[in-house]
Amino acid sequence: MTIFDKLFFSVFSHYKTRYKKKANTIALVYTSTLQITILFLLGCFFAAFFSQMYYNAMSSEKAWTVFVLLSVGLYFTNWLKYNGKTRKILNAKLNKKKTPQYNINMLLALPFICVGFGLLFLQAL
């Protein structure tokens, strides 16, 4: 079970009490958003790093196109993973173990922190 699975079920269990039918969608969007913002942060870091090294591997337009394609791919794979049978299997594994609950405010702040650091790296270009 990966850290993203644990984060998914932490958000899922938090919103399950309030929004019974929408909890899975909220947790799916959160997990996908977090992964996409981490991808954005890594892309900005490597763009700034390669800029400082005077290495031009790909144009900015192509990099944004790759980012959008990878983002759509991440959302689609998460949608396949966290809907249906696979989610039920992961939920059964999670219920067997006693895992700590994460602070929901910190979890919701993580994507904003990643975007902030990514924009900081973009200014270094």
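So, here's what we can say about the structure.

This part covers the overall build of the protein chain. For the protein chain, the helix and strand inventory stands at five helices and zero strands. In sequence order, the secondary structure elements of the protein chain are arranged as α-α-α-α-α. Expressed along its principal axes, the backbone C-alpha trace of the protein chain runs to roughly 50 × 25 × 25 Å. Burial analysis of the protein chain (125 residues in total) assigns 26% to the buried set. By sequence separation, contacts in the protein chain at least 24 residues apart represent 81% of the contacts at least 6 residues apart. Split by element, the accessible area of the protein chain, about 8800 Å² in all, is 68% carbon and sulfur.

Turning next to the side chain of Ser-71. In this fold, Ser-71 is placed in helix H3 (residues 60–81). If we ignore the near neighbours within four places in the chain, the residues touching Ser-71 are Ile-36 and Leu-39.

Here the focus is a positive patch on the surface. Residues Lys-6, Lys-93, Lys-96 and Lys-97 make up a contiguous surface patch of positive charge. Of note, Lys-96 is situated in helix H4 (residues 85–96).

All right, on to the packing of helix H1 (residues 3–16) against H4 then. As a packed pair, H1 and H4 sit with axes 11 Å apart at the nearest point and diverge in direction by 85°. Put simply, H1 runs roughly perpendicular to H4. Between H1 and H4, the residues in contact are Asp-5, Phe-8, Phe-9 and Phe-12 and Arg-87, Leu-90, Asn-91 and Leu-94, respectively. Class assignment of the residues belonging to the contact of H1 with H4 gives a composition of five nonpolar, one polar and two charged.

A few words now on the packing of helix H2 (residues 23–52) against H3. Viewed as axis vectors pointing N to C, H2 and H3 meet at an angle of 150°, and their least axial separation amounts to 9 Å. Between H2 and H3, the crossing angle belongs to the class labelled roughly antiparallel. The crossing of H2 and H3 is right-handed. Where H2 approaches H3, its residues Leu-28, Val-29, Thr-31, Ser-32, Gln-35, Ile-36, Leu-39 and Phe-40 are matched on the opposing element by Trp-64, Phe-67, Leu-70, Ser-71, Leu-74, Tyr-75, Asn-78 and Trp-79. Among the residues forming the contact of H2 with H3, the class breakdown is 11 nonpolar, five polar and no charged.

Formed by 16 residues in total, the largest nonpolar core has its most connected members in Phe-8, Phe-9, Val-11, Phe-12 and Leu-107. For this core, the secondary-structure elements that each account for two or more residues are H1, H2, H4 and helix H5 (104–123). Counting residues per element, this core draws most heavily on H1, which supplies six residues. Aside from chain neighbours lying at most four places away, what touches Val-11 is Ile-26, Ala-27, Tyr-30, Ile-104 and Leu-107.

Basis of the calculations
Throughout this description, residue numbers start from 1 for each chain and increase along the sequence as written. Only residues with pLDDT of at least 70 get local features here, since the model is predicted, and only at 80 or more are side-chain atom pairs given and counted; chain-wide, interface and lining totals rely on the full set of residues. Where side-chain values are given, they derive from all heavy atoms of the structure, hydrogens and water being excluded. Secondary structure elements are taken from DSSP: a helix is a run of H or I of four residues or more, a strand is a run of E of two residues or more, and numbering for both begins at the N terminus. The classification of residues rests on relative accessible area computed with a 1.4 Å probe and restricted to protein chains. Under 20% of the type maximum is buried, over 50% is exposed, and intermediate values are partly exposed. Here, residues are in contact when the closest pair of their heavy atoms is within 4.5 Å. For the area figures, the Shrake-Rupley method with a 1.4 Å probe applies, and any residue is considered shielded solely by the protein chains shown. Residues enter patches when their relative accessible area tops 30% and they take part in no salt bridge; the joining distance is 9 Å for like charges and 5 Å for the nonpolar side chains Val, Leu, Ile, Met, Phe, Trp and Tyr. We define a salt bridge as a side-chain nitrogen of Lys or Arg found within 4 Å of a carboxyl oxygen belonging to Asp or Glu. Here the positive residues are Lys and Arg and the negative ones are Asp and Glu; neither His nor the chain ends is included. To locate a charge, take atom NZ for lysine, CZ for arginine, CG for aspartate or CD for glutamate. Between N-to-C directions, angles span 0 to 180 degrees; the directions come from axes that are lines fitted to C-alpha atoms, helices contributing only their stretch in contact. When describing relative orientation, an angle under 35 degrees is termed roughly parallel and one over 145 degrees roughly antiparallel, while 65 to 115 degrees is termed roughly perpendicular and anything else oblique. We call Asp, Glu, Lys and Arg charged. Ala, Val, Leu, Ile, Met, Phe, Trp, Tyr, Cys and Pro are nonpolar, and the rest, Gly among them, are polar. By definition, any crossing whose near helix is turned counterclockwise from its far helix by less than a right angle is left-handed, and any crossing with a clockwise turn is right-handed. We call a set of buried residues a nonpolar core when its members are Ala, Val, Leu, Ile, Met, Phe, Trp, Tyr or Cys and they connect through side-chain atoms within 4.5 Å of each other.

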